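What follows is the residue order along each chain.
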Amino acid sequence: EFSKFWKLGAEFRSRGFLHKRGFLLWGPPGSGKTSCVHILVKRLIDDCNGVVLFLDHPNLASECLRMARAIEAKRPMIAILEDIDALIERHGENEFLALLDGEAQVDNIVFLASTNYPERLDKRFVDRPSRFDTIRYIGMPSADARRVYLSAKEPSLTGDELDLWVDLSEGFSVAHLKELIIAVRCFGQPIKDVVGRLELMHERKPTSEDTPDKTRA
């Protein structure tokens, strides 16, 4: 859908629509939303010689988009809003609603946002096509995805050993997979010890009320 969008300018404009699209990626922390954003950014730059803008303050972002479009009238653009729920909490809802679907709109652009907490977004964001037209869940890496990542980052993993790593890493994020490789291959730590540590890290959050000293006492 992302790749096809850039070829549909005439179709949009023939119907009186701005050539604009909004994608919202949501899912648990570490599921790969940012990695997905980076893939789309690379595709835009490599395939379309596009421009990528990372947005924060909505009013400044609107001015930035207008200036960028004045300089580059037809160049494809991605406007990225990472952790949009936190941005909205910081700057307010109305400003972002205006940025996404207000009077100061620009053409030939994709708004690409991410969030760990879609429930924090008002329905005006998640139930309003033309702000976010496609809302896509990005879950934790599947077994196939973990196999691809582990094979790419640690080519020495093959056969039964690779199968073991894939099985032991069920539910792990990309960041957990990275640490698994570093701890086992670089530091030489036993894989089951590392998996246990990462599973504990994944399942509970340390608190000052639950320290090792108190546990021993």
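Small disclaimer: the values here were computed from a predicted structure and weren't measured.

## So, the overall build of the chain
Of regular secondary structure, the chain possesses 12 helices and 5 strands. In terms of overall size, the chain is more extended than a compact globule, its C-alpha atoms giving a radius of gyration of 21 Å where 217 residues would be expected to give roughly 17 Å. Taken over the C-alpha atoms alone, the chain extends approximately 65 × 45 × 30 Å along its principal axes. Looking at the chain residue by residue over its 217 residues, the buried ones come to 38%. At a minimum sequence separation of 6, the contacts of the chain that also span at least 24 residues come to 72%. Carbon and sulfur atoms form 54% of the exposed surface of the chain, whose accessible area is close to 12600 Å². With 31 positive and 34 negative side-chain charges, the chain shows a spacing of 4 Å between the two charge centroids.

## A short note on the packing of helix α8 (residues 143-153) against helix α9 (residues 159-168)
Interaxial distance between α8 and α9 falls to 9 Å at its minimum, and their mutual angle equals 125°. Here α8 lies oblique to α9, going by the angle between them. In terms of crossing hand, the pair formed by α8 and α9 is right-handed. Residues Ala143, Arg146, Arg147, Leu150 and Ser151 of α8 form the contact with α9, whose participating residues are Leu162, Asp163, Trp165 and Val166. Partitioned by chemical class, the residues of the contact of α8 with α9 number 5 nonpolar, 1 polar and 3 charged.

## Some details on the environment of arginine 13
Mapped onto the secondary structure, arginine 13 falls in helix α2 (residues 9-14). When the C-alpha positions of arginine 13 and alanine 86 are compared, they lie 33 Å apart, and in sequence the two are 73 residues distant. With near-sequence residues (within four places) excluded, arginine 13 lies in contact with His19, Asp107 and Asn108.

## Quick notes on the nonpolar core
Leu55, Leu65, Leu81, Ile84, Leu99, Phe111 and Phe125 are the most contacted members of the largest nonpolar core, which totals 24 residues. For this core, the secondary-structure elements that each account for two or more residues are β2 (51-54), α4 (58-71), β3 (77-81), α5 (84-91), α6 (93-101) and β4 (109-115). The element contributing the most residues to this core is α6, with 4 residues. Ranked by size, the runner-up nonpolar core spans 16 residues in total, among them Tyr149, Phe172, Leu177 and Leu198.

## Quick look at the pairing of β2
Only one face of β2 is buried: it carries Val51 and Leu53, and the other face, with Val52 and Phe54, is open. Each parallel crossover has a hand, and the one from β2 via α4 to β3 is right-handed.

## Here's the deal with the state of the cysteines
Counted under the stated rule, the structure contains 0 disulfides. Unpaired in this structure, cysteine 48 has its nearest cysteine sulfur neighbour in cysteine 36, at a distance of 16 Å. Its sulfur unpaired, cysteine 64 is 19 Å from the next cysteine sulfur, which belongs to cysteine 48.

## Quick word on the pattern of salt bridges
Applying the stated criterion across every chain yields a total of 18 salt bridges. Two residues, arginine 185 and glutamate 161, come together in a salt bridge whose shortest N-O distance is 3.2 Å. Of this pair, arginine 185 sits in helix α10 (residues 174-186) while glutamate 161 sits in helix α9, and the two are 24 residues apart along the sequence. Judged by relative accessible area, glutamate 161 falls into the partly exposed class, the value being 33%.

## Remarks on the sheet that holds β2
Sheets are built from strands that pair by backbone hydrogen bonding, the pairs being arranged parallel or antiparallel. Strand order in the open sheet formed by 5 strands is β2-β3-β4-β1-β5, with parallel pairing between adjacent strands. Edge positions in the open sheet fall to β2 and β5 (134-137), since each of these has one partner strand only. Within the sheet, the average angular offset between the axes of one strand and its neighbour, ignoring direction, is 20°. By the bridge criterion, 4 bridges tie β2 to β3 in an arrangement that is parallel. Across the sheet, the residue bridging to leucine 53 is alanine 79, located in β3. Contacts from helix α3 (residues 33-48) reach β1 (20-26), β2, β3 and β4 within the one sheet, and its direction differs from that of β3 by about 165°.

Procedures and definitions
Residues numbered from 1 in each chain as written. Predicted model: local features only at pLDDT ≥ 70, side-chain atom pairs only at ≥ 80, totals over all residues. Heavy atoms only, no water. Helix = DSSP H or I, 4+ residues; strand = E, 2+ residues; numbered from the N terminus. Rg over C-alpha atoms; globule rule 2.2 N^0.38 Å. Buried < 20%, exposed > 50% of the residue type's maximum accessible area, 1.4 Å probe, protein only. Contact = heavy atoms within 4.5 Å. Areas by Shrake-Rupley, 256 points an atom, 1.4 Å probe, with all protein chains shown as cover. Lys, Arg positive; Asp, Glu negative; His and termini not counted. Charge placed at Lys NZ, Arg CZ, Asp CG, Glu CD. Axes fitted to C-alpha atoms, helices over the stretch in contact; angles between N-to-C directions. Parallel < 35°, antiparallel > 145°, perpendicular 65-115°, else oblique. Left-handed = near helix turned anticlockwise from the far one by under 90°. Nonpolar A, V, L, I, M, F, W, Y, C, P; charged D, E, K, R; others polar. Core = buried A, V, L, I, M, F, W, Y, C linked by side-chain atoms within 4.5 Å. Right-handed = clockwise from strand over helix to strand, strands pointing away. Disulfide = S-S within 2.5 Å. Salt bridge = Lys/Arg side-chain N within 4 Å of Asp/Glu carboxyl O. Pairing = 2+ DSSP bridges.

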